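Chains, contacts and geometry: an overview
As a plain string of letters, each chain reads:
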Amino acid sequence: MKKKQLNVKKTDLNKLAEWAVLGLLLVYVGIFVYFNLTQYLNQVDSDMAAEALLAKEMWTTKSVIPSTWFTSTERRILSTSLLGALFYGITHNMAISIGLSCSVFMGIIIAGYFYLVKQLPLSGLAKYTGLLLIFAFPANCILAEGESLPYFTYLFFLYAGYYAPMGAFMFFTMGYYFKQIKSKEWKKSFWIVGAILAVTS
C-alpha cells in the first residue's frame with residue numbers, strides 16, 4: 001500500500017514538474033517574440049541590419065538572390081530573410097518583418113525538436129527540460145565591447161536568426177533518421193531531402 005502511494009506521489013510530482021517546465025518554456029517563447037517585434041531597433045547591428053535589408057531587396061526585386069545584393073561569405077536560400085521578404089510585402093516595415101520571420105522560425109525549431117524527441121524513449125519531463133535548456137543556453141554569453149551578449153540567442157531566435165533554418169532542419173533530419181532506424185527501412189527520399197536542406201540552408 002505504501003509503495004503504491006509513493007508511486008502515486010512520484011507521478012504527481014513528475015506532472016507538476018512537467019507543468020512548471022512547460023510554463024517556463026512559454027515565458028521564454030513570449031519574451032523572445034516580444035523582443036523580436038519591439039526591440040529590434042534598440043539592438044540592431046550591421047549584421048542584423050543586413051538580414052532585414054536583404055529581405056527588403058528580395059521583395060523589391062522579386063528575386064531570391066537579388067542582383068543588387070553582394071554576398072560576402074555565404075549564399076543561403078532558405079533563411080529568415082526569405083520569409084522576412086514575404087512579411088515585408090505585407091507590413092512594409094523591415095524591423096517588424098524580420099521580427100516576425102525570426103518568431104516563425106523559432107516555432108519551426110520547436111516543431112523540429114519535438115519531432116526528434118518523439119522518436120526517442122524520453123519522458124515528457126525530459127523532452128520539455130531539453131527544450132528549456134536550449135532556450136536557456138544564452139546564459140552562456142560572450143563579451144563584445146565590454147557588453148555581455150547572448151550570442152547563441154542571436155544565432156537562432158532573436159533579431160536575425162542566422163542559423164535558425166539550419167537548426168530547424170537539423171532537428172527534422174535527425175528525427176527522420178531515428179525514425180528510419182526504428183523502421184529499419186532506408187528510403188531514398190531521406191538522402192535526397194537531407195541533401196537539399198543541407199545545401200539551401
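Located above this text is the structure these notes cover.
Here's a quick rundown of the structure. Owing to the predicted nature of the structure, the values given are computational and were not obtained by experimental measurement.

1. Here's the deal with the overall build of the protein chain
Looking only at helices and strands, the protein chain has 9 helices and 2 strands in total. Within the span of the protein chain, comprising 201 residues, buried residues form 32% of the whole. Long-range pairs, those at least 24 residues apart, make up 63% of the contacts in the protein chain between residues at least 6 apart in sequence. Carbon and sulfur atoms provide 68% of the accessible area of the protein chain, an area that totals close to 12,200 Å².

2. Re the packing of helix α5 (residues 94-118) against helix α6 (residues 124-136)
Two numbers describe how α5 lies on α6: the axes approach to 11 Å, and their chain directions differ by 145°. When you trace α5 past α6, the crossing you get is right-handed. Here M106, I110, Y113, F114, V117 and K118 of α5 lie close against α6, whose contacting residues are A126, K127, Y128, G130, L131, I134 and F135. Split into classes, the residues belonging to the contact of α5 with α6 amount to 10 nonpolar, 1 polar and 2 charged.

3. Observations concerning the packing of aromatic side chains
Considering all chains together, one arrives at 7 aromatic pairs under this definition. A centroid spacing of 5.7 Å and a plane angle of 85° characterise the contact between Y113 and F171, whose relative ring orientation is edge-to-face. Linking Y113 in helix α5 with F171 in helix α8 (residues 164-183), this pair joins segments that are 58 residues apart in sequence. Side by side, Y113 and F171 carry an identical accessibility label, which is buried. Aromatic ring contacts, followed pair by pair, group Y113, F114, Y128 and F171 into a single cluster. For K62, the ring lying beneath its charged end belongs to W59, and the centroid distance is 4.4 Å.

4. A word on the side chain of N36
Tracing the backbone shows N36 in helix α1 (residues 2-38). At a separation of 3.4 Å, a polar atom in the side chain of N36 contacts the side chain of S103.

5. Here we look at the side chain of S79
Along the chain, S79 falls in the loop between α3 (46-61) and α4 (80-91). For S79, a relative accessible area of 4% gives the class buried.

6. Remarks on unusual backbone geometry
A positive phi angle, near 55°, is found at K62, a position not held by glycine. With respect to the secondary-structure elements, K62 resides in the loop between α3 and α4. Residue K62 is classed as exposed on the basis of its relative accessible area of 57%. In this structure, H92 is a non-glycine residue whose phi angle is positive, near 55°. H92 gets classed as exposed once you look at its relative accessible area, which sits at 53%.

Quick notes on the rules
- Residues numbered from 1 in each chain as written.
- Predicted model: local features only at pLDDT ≥ 70, side-chain atom pairs only at ≥ 80, totals over all residues.
- Heavy atoms only, no water.
- Helix = DSSP H or I, 4+ residues; strand = E, 2+ residues; numbered from the N terminus.
- Buried < 20%, exposed > 50% of the residue type's maximum accessible area, 1.4 Å probe, protein only.
- Contact = heavy atoms within 4.5 Å.
- Areas by Shrake-Rupley, 256 points an atom, 1.4 Å probe, with all protein chains shown as cover.
- Axes fitted to C-alpha atoms, helices over the stretch in contact; angles between N-to-C directions.
- Left-handed = near helix turned anticlockwise from the far one by under 90°.
- Nonpolar A, V, L, I, M, F, W, Y, C, P; charged D, E, K, R; others polar.
- Phe/Tyr/Trp six-rings, centres within 6.5 Å; stacked < 30°, edge-to-face > 60°.
- Lys NZ or Arg CZ within 6 Å of the ring centre and 35° of its normal.
- Polar contact = N/O pair within 3.5 Å; in protein donor to acceptor, adjacent residues only side chain to side chain.

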